[in-house]
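If you want the building blocks of each chain, they are given just below.
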Amino acid sequence: MWLDSRFRLCPVSDQPLVLHGGEEYGAPFLVERLRRDHPVAWLAVGRGEAKEPIVIGNRLAAAVNEAVAGNLLQHALPYQVHLRTLALRRDQLPPFTLVISGADLAPDFAVAAVEACRSGFGVWLLVESELDLSEAIHLGVEELRMTLSEARELAPRGLSALDVAELHASSGGAYTTFLVEMHEHAELPGLRIPLGDGWVYPEPNSRYELPEDVLEGMLHMRRWTDALEVAAEHVPERVEELLHEAGPEFQQQGLLPRLHILLSMLPADFQDRESTLEWSLVAAHQVGTAKDVLPRARHYLSRFEAPELRSRYAPFAPYEEALREAVRAVEALPTPLTLWQYGRMNPDPTEGIVLLTRSVAQAELEGDAYACARAASTLAARFLHLGDFQAARTWASWGLQLYDEHGLRDGVRRLALYNELAFARMMHGDIGGLKDQLQDLHSTVENLLPRLAVGYRTVLADLERLEGNAQLACEYTHANLATAPRTQKGLRAFQHVRSLLELKRLDEASQVAESAVALSAGVPDVLDLRSKLALGMVQSFKLPHEAPATLKQIIDDGRLVFEQRAMAALHYLLARPEGLAEIPADLREKLQGLSETALRVLSGPPDVFHKVWMGLGSGRNSVLELKVLGRSSARLEGNEVHLTRRHWEILVALALHPEGLDYASLHAFLLHDDDRVSPGTLRSHVSHLRSRVPISDNPYRIDVPFTIDILEVQEYLKAGRIREAVALVNGSVLPRSSLPGIREIGEQLDQALRESVLMSGDAEALYSAAGLWDDDLEVWEASLQALHPRDPRVPLIRARIQTLQREYGTA
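Worth saying up front: this structure is predicted, and the values here are computed from it rather than measured. (Residues numbered from 1 in each chain as written. Predicted model: local features only at pLDDT ≥ 70, side-chain atom pairs only at ≥ 80, totals over all residues. Heavy atoms only, no water.)

Go over the overall build of the protein, please, and point to the residues and values.
When helices and strands are counted, the protein shows 43 helices and 13 strands. Principal-axis analysis of the C-alpha atoms gives the protein an extent of 110 × 80 × 45 Å. Here the protein holds 811 residues, and the buried ones make up 54% of them. Residue pairs at least 24 apart in sequence account for 61% of intrachain contacts in the protein once pairs closer than 6 positions are excluded. Entry remark: accessible area of the protein is about 35500 Å², with carbon and sulfur atoms responsible for 50%. (Helix = DSSP H or I, 4+ residues; strand = E, 2+ residues; numbered from the N terminus. Buried < 20%, exposed > 50% of the residue type's maximum accessible area, 1.4 Å probe, protein only. Contact = heavy atoms within 4.5 Å. Areas by Shrake-Rupley, 256 points an atom, 1.4 Å probe, with all protein chains shown as cover.)

Okay, structure coming up:
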């Protein structure tokens, strides 16, 4: 048979395959044959879509998500983002074959798909014209052409040999053409041709309908974007009513540029209606041509109230008029949109939060999950502005939960919301597994979605500094500064200065700050203050007598976000240690309530800022800070202390026995019955350690206030703060140690943490713990159970579980 013989020529491997001749020569049937035994992600590219990367991206997302049975890829993102995700995840996902019909219509996409899926997924490209891929296997028309003997095998018994020969000749040996003609000649039911999203009848057998009938069918299936396409071209009088559903759908799918084209092509009589004007303004803003729609919108609003159109118009008006328009829209009709718009524009963050929570409540009453998520994202940003990181984290988490529960598809807003959550989590001290996720997401958006990339680089820089990777942090902030427009130089400058000061590169930091101040000439004073923040930070290191005057104006300006005021205050205290009472009470109270992590993010090197942190009080009295879970570090009064492995083992023993240990107890704790370390050698190590860390004699004890992450984890577990406990664990206790006492402590801590994580059912804690104990099948299974089925991580977790089940023989 033709199908089996040609399928044997098609590699199910890493090497790409190009099937020529398209539908006519049977390629869809070969894909359907592949689909019997292998997962397939099948999408089609239409004519004219080569320059629409988001349209292709949405189709790619739908196809891949079906193949992996999850929500791995988000909508409203260009295909390049998705291909990067696939390349990044190729070792974590089950293999599948990506099939692209019409690949020759978008050759850049086809080539990029081959490159991204190399050494991970198979790629089949269905083409009707030439496609230059020299490294691929090509099956041309001649190889796919059906022989007469194969045609005879396919033909039903009722057809004579002469009929079969004539049909074969008329079809030119094209498999699909022959089958269609044979079905017609033999009066068999119409042939159905397989496609990625189902089966269709070939064009000659399709039933043509009136546009009105097609439109009604699409509305019945709730295919809002397709319905608007038909209406815009054939039934323009229906566009206005359709936009209520279709407008948000175009927005969620990232198709506003397409909506702009559709609304622009409407006859003039239909362009200046209320909903059409509203969505014309939204779509035009997306493509940078809002100025063309604004006069028409302004003229309409001079005659009609139109609250939602007015709300959309408000941000484009001059500042004073903008607020009046936003207020007028809310007073006329408090909808989720009008409340959200005024809430995000309101200059008073507290009033803005009240309006945004009303927007959420109204959206919940109307069952509008997307409006809820939109307001949740803005609420998270507002709480970050105020320095309320717990509230920001709560709203951002809820917004992401809405995406999963309701299948929302605006991938750009989801990525932005996750970045807000990441910053809030970091400032709250919850950083377990955070860096890996951010690095993955940043890799997918770099050079493709620049605004998102800036946000991810900023948070990653903070995380890298926390882990002691100051140079990498500096590279992130330098990239942000290098790409900043002039009006944003101040914002990016103080962030980069923060990185340079961590590295003690004071002269370079000074140059960056002075350049930012010069470039900020003429910008609004709020933006100018950000440049002065960079200058004041440098002055606190180099010219402490000048820093207070520069920083005080930033500290006192309530328009600035908390992060900027807090950084100014901490550097102010560095330059003027006695100046705590001069910090405004509201800011001082928030500084004293910050986590250790947040203080580290907002200030600078521990050896420089340790006394500043101590001066804030609130229990920050540790002179010695020890971290031994995974990567070891010790800081005495902020200065790093370098220790040998044996020193670390002794310190762990003493930290876990704050009451002190005599020599015999210390030896017994560390070595049990092991005599590999002689008494004289152990005493020598203790004596050498005392020259670096204050330790009393007889009994031995740490002689200054100290913290150690082992005890912090234990305290978090007792308090039920499981996420924070997991966040502190980067590995086993002193992983290089082989002493039985250290190994026993590590095993006990791992067991307590594992049991607490499993009992908690907390999705984020479980996911972080699964990454920590990569071979623990039970934790992976519990993580899968805890996450929402639409969470993008689910396909990755499921694949890991399947791998472990095969390895353990439980599949």
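Still more to cover.
Go over the pairing of strand β4 (residues 122–127) with me, naming the residues and quoting the values.
Counting buried residues along β4, six of its six residues qualify, which places the element largely inside the surrounding structure. Neither face of β4 is left uncovered, since the one carrying Gly122, Trp124 and Leu126 and the one carrying Val123, Leu125 and Val127 both have all their residues buried. One ladder, built from four bridges, connects strand β1 (residues 17–20) with β4; its direction is parallel. Across the sheet, the residue bridging to histidine 20 is valine 127, located in β4. Both strand β3 (residues 97–101) and β4 contribute to a ladder of five bridges, which runs parallel. Bridge pairing in β4 links isoleucine 100 to leucine 125. (Pairing = 2+ DSSP bridges.)

So what's going on with the sheet that holds strand β10 (residues 639–640)? Which residues, and what values?
Across the sheet, which stays open at both edges, the four strands sit in the order β10-β9-β8-β13 with mixed pairing between neighbours. The outermost strands of the open sheet, each flanked by one partner alone, are β10 and β13 (706–708). Here four bridges tie strand β8 (residues 624–627) to strand β9 (residues 633–636), and the two strands are oriented antiparallel to one another. Across the sheet, the residue bridging to leucine 626 is alanine 634, located in β9.

Tell me what's going on with the sheet that holds strand β5 (residues 137–139), and back it up with residues and numbers.
Taking strand neighbours across the sheet as the criterion, the five strands line up as β2-β3-β4-β1-β5 in an open arrangement whose pairing is parallel. The strands lining the two open edges of the sheet, one partner per strand, are β2 (40–44) and β5. Between one strand axis and the next, the sheet turns by 15° as a mean value, whatever way the strands run. Packing of helix α2 (residues 27–37) onto the sheet brings it into contact with β1, β2, β3 and β4, and relative to β2 it is tilted by some 155°. Against the sheet, helix α3 (residues 53–67) contacts β2 and β3, and its axis sits at roughly 155° relative to β2. (Axes fitted to C-alpha atoms, helices over the stretch in contact; angles between N-to-C directions.)

Tell me about the side chain of arginine 498, and please be specific about residues and values.
Tracing the chain through its elements places arginine 498 in helix α27 (residues 489–502). On the basis of relative accessibility, which here comes to 2%, the residue arginine 498 falls in the buried class. A distance of 3.0 Å separates a polar atom in the side chain of arginine 498 from the backbone oxygen of serine 603. Setting aside anything within four residues of it in sequence, one finds arginine 498 in contact with Arg465, Met537, Met567, Arg600, Val601, Leu602, Ser603 and Gly604. (Polar contact = N/O pair within 3.5 Å; in protein donor to acceptor, adjacent residues only side chain to side chain.)

Just give me the short version of the pattern of salt bridges, but keep the residues and values in it.
Evaluation of the coordinates by the stated rule reveals 52 salt bridges. Here aspartate 440 and arginine 89 are joined by a salt bridge, their closest N and O atoms 3.1 Å apart. Taken together, the positions of aspartate 440 in helix α24 (residues 434–445) and arginine 89 in helix α4 (residues 79–89) put the pair 351 residues apart, joining distant regions of the chain. As a salt-bridge pair, arginine 258 and glutamate 229 come within 2.7 Å of each other at their nearest N and O atoms. Of this pair, arginine 258 sits in helix α13 (residues 256–264) while glutamate 229 is found in helix α11 (residues 224–234), placing the two residues 29 residues apart along the sequence. Under the relative-accessibility criterion, glutamate 229 is labelled partly exposed at 26%. (Salt bridge = Lys/Arg side-chain N within 4 Å of Asp/Glu carboxyl O.)

Please give an account of helix α20 (residues 349–366) that cites residues and values.
Given a rise of 1.5 Å per residue, 18 residues ought to cover 26 Å, and the 25 Å separating the end C-alpha atoms of α20 matches this to within 8%. All buried positions along α20 are accounted for by Pro349, Gly352, Ile353, Leu355, Leu356, Ser359, Val360 and Ala363. For α20, the angular spread of the buried residues around the axis is 165°, confining them to a single face. Residues of α20 that are buried in the fold lie against α19 (336–345), α21 (369–386) and α22 (389–406). A distance of 2.9 Å separates the backbone nitrogen of threonine 350 from a side-chain oxygen at the start of α20, and that oxygen is part of aspartate 348. Positive phi shows up at glycine 367, right after α20, with a value of about 70°. (Expected span 1.5 Å × (residues − 1). Arc of directions from axis to C-beta.)

Explain the nonpolar core to me, and be specific about the residues and the numbers.
If you look at the biggest cluster of nonpolar residues, it comprises 95 residues, and the most contacted ones within it are Leu438, Val497 and Leu591. Sort the elements by how many residues they give to this core and α21 lands first, with eleven residues. The residues contacting leucine 438, other than those within four sequence positions of it, are Tyr418, Asn419, Ala422, Tyr456, Val459, Leu460 and Leu463. Ranked by size, the runner-up nonpolar core spans 62 residues in total, among them Leu651, Val652, Val729 and Ile742. (Core = buried A, V, L, I, M, F, W, Y, C linked by side-chain atoms within 4.5 Å.)

Could you give an account of α19, naming the residues involved and the relevant values?
Since the α-helix advances by 3.6 residues per turn, residues separated by three or four positions end up pointing in the same direction. Most of α19 is tucked away: nine of the ten residues are buried. Taken residue by residue, α19 has Pro336, Leu337, Thr338, Leu339, Trp340, Gln341, Tyr342, Gly343 and Met345 as its buried positions. Residues of α19 that are buried sit in contact with α15 (274–287), α17 (307–313), α18 (319–332), α20 and α21.

I'd like to hear about the state of the cysteines, residue by residue, with values.
The final tally for this structure, using the stated rule, is zero disulfides. You can see cysteine 117 has no disulfide; the closest cysteine sulfur is in cysteine 10, sitting 17 Å from it. (Disulfide = S-S within 2.5 Å.)

Talk me through unusual backbone geometry; I want residue IDs and the actual numbers.
In the segment running from asparagine 698 into proline 699, the intervening peptide bond is cis, with an omega of 0°. Within the secondary structure, proline 699 is located in the loop between β11 (695–696) and β12 (701–702). For asparagine 447, which is not glycine, the phi torsion reads 70° and is therefore positive. Secondary-structure assignment places asparagine 447 in the loop between α24 and α25 (450–466). Not every positive phi belongs to a glycine, and leucine 734 is a case in point at roughly 40°. As for its placement among the helices and strands, leucine 734 is situated in the loop between α39 (722–728) and α40 (740–760).

How would you sum up the packing of helix α8 (residues 161–171) against helix α9 (residues 175–185)? Please name residues and give values.
The contact between α8 and α9 brings their axes to 9 Å, and the two run at 140°. Considered as vectors, α8 and α9 are oriented oblique to each other. In the crossing of α8 with α9, the sense of the turn from one axis to the other is right-handed. In contact with Asp163, Val164, Leu167, His168, Ser170 and Ser171 of α8, α9 contributes Thr177, Phe178, Glu181, Met182 and His185. A breakdown of the residues in the contact of α8 with α9 according to their chemical character gives four nonpolar, five polar and two charged. (Parallel < 35°, antiparallel > 145°, perpendicular 65-115°, else oblique. Left-handed = near helix turned anticlockwise from the far one by under 90°. Nonpolar A, V, L, I, M, F, W, Y, C, P; charged D, E, K, R; others polar.)

Just give me the short version of the confidence of the model for the protein, but keep the residues and values in it.
With 97% of its residues at a pLDDT of 70 or more, the protein shows a mean pLDDT of 92. Note that pLDDT drops below 50 for residues 203–208; the model gives that stretch four contacts with residues more than four away or on any other chain. (pLDDT = per-residue confidence, 0-100.)

Kindly report on the packing of aromatic side chains, identifying the contributing residues and their values.
Counting across every chain of the model gives ten aromatic pairs. Ring geometry for phenylalanine 96 against phenylalanine 121: centres 4.4 Å apart, planes inclined by 25°, an arrangement best described as stacked. In this pair, phenylalanine 96 is assigned in the loop between α4 and β3 and phenylalanine 121 in the loop between α5 (107–117) and β4, connecting sequence segments 25 residues apart. A relative accessible area of 3% means that phenylalanine 96 is categorised as buried. Taking the relative accessible area as the measure of exposure, phenylalanine 121 reaches 1% and is therefore buried. Centroid distance tryptophan 395 to tryptophan 398: 5.7 Å. Interplanar angle 80°. Geometry classified as edge-to-face. (Phe/Tyr/Trp six-rings, centres within 6.5 Å; stacked < 30°, edge-to-face > 60°.)

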